[in-house]
Amino acid sequence: METMVHVFLMGKQYEVPASLTIMGAFEYAGYQLVRGCGCRNGFCGACATVYRVKGDSELHACLACQTQVVDNMYIAMLPFFPVVKQVYDIEKVSPSQMVMMQLYPEIYACIGCNACTKSCTQGLNVMQYIAYAQRGEFEKCAEESFDCVMCGVCSSRCPAGISHPQVAMLARRLNGKYLAPKSAHLEKRVQEIQEGTFEGMMEELMQKPLAELQELYNHREIEQ
């Protein structure tokens, strides 16, 4: 017999296998998830969830597809976080400190409480990358925030109302567009794709059975 645990989903108690993730527990209990269940593998950030465990007063944040249930877990999935997403043309902005002042001035109201870092589902040093953004150090901000999945949990805990994921996205775009070294190999490959160099090859691959595709992939030549 599989070990069972009691969980409370949206206020109602259910008994579910202890081996399940929170997302799996919802579906085991009969919920049909049509929102907040994107990639199911920890990459898209769509399944932001908050929970408490009986006897622990702390509110925890996590991704439902990655977190295993425990006994007496009280769970509520969150449909979205209303972060501010400014509209800009990456071709018309410059990688200067002024761009953050214009688009996301709230980052300068950060009080250093570190609630964003403590709540990050990916374990990122969120307050640090916001500090980099404040100083216009976009390369460092891009590197520090690289694993962000845009779930928005950090923003939900911020008393200054900072939209951390969108700030990080802007920094990564500025870094990629203006600051990171250009890759001649990548530019050549993009040009080849635009010229249709690989269309015949792609058509040929589309006709192959799955087993042959897997074999080709497993024995492909990997560039050093």
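Residues numbered from 1 in each chain as written. Predicted model: local features only at pLDDT ≥ 70, side-chain atom pairs only at ≥ 80, totals over all residues. Heavy atoms only, no water.

Caption draft 1: Region of interest: the pairing of strand S1 (residues 4–9). In terms of strand pairing, S1 meets strand S2 (residues 12–17) through six bridges, oriented antiparallel. Paired with Leu9 across the two strands is Lys12, which belongs to S2. Hairpin connection of S1 to S2: two residues between the antiparallel strands, including Met10 at a positive phi of 55 degrees. In this structure, S1 lies alongside strand S5 (residues 73–77), joined through three bridges in parallel fashion. If you follow Val7 over to S5, its bridge partner there is Met73. (Pairing = 2+ DSSP bridges. Helix = DSSP H or I, 4+ residues; strand = E, 2+ residues; numbered from the N terminus.)

Caption draft 2: Region of interest: the side chain of Gln166. Take Gln166: it is sitting in helix H7 (residues 164–179). By relative accessible area, which is 11% here, Gln166 ends up buried. Among all residues touching Gln166, those that are not within four sequence positions of it are Val83, Val84, Lys85, Tyr104 and Met150. (Buried < 20%, exposed > 50% of the residue type's maximum accessible area, 1.4 Å probe, protein only. Contact = heavy atoms within 4.5 Å.)

Caption draft 3: Summary view of the sheet that holds strand S4 (residues 60–63). Pairing is mixed across the open sheet formed by five strands, whose spatial order is S2-S1-S5-S3-S4. Two strands lie at the open edges of the sheet, namely S2 and S4, each paired on one side alone. The mean angle between the axes of side-by-side strands here comes to 35 degrees, regardless of whether they run parallel or antiparallel. Where strand S3 (residues 48–53) and S5 come together, five bridges link them in antiparallel fashion. (Axes fitted to C-alpha atoms, helices over the stretch in contact; angles between N-to-C directions.)

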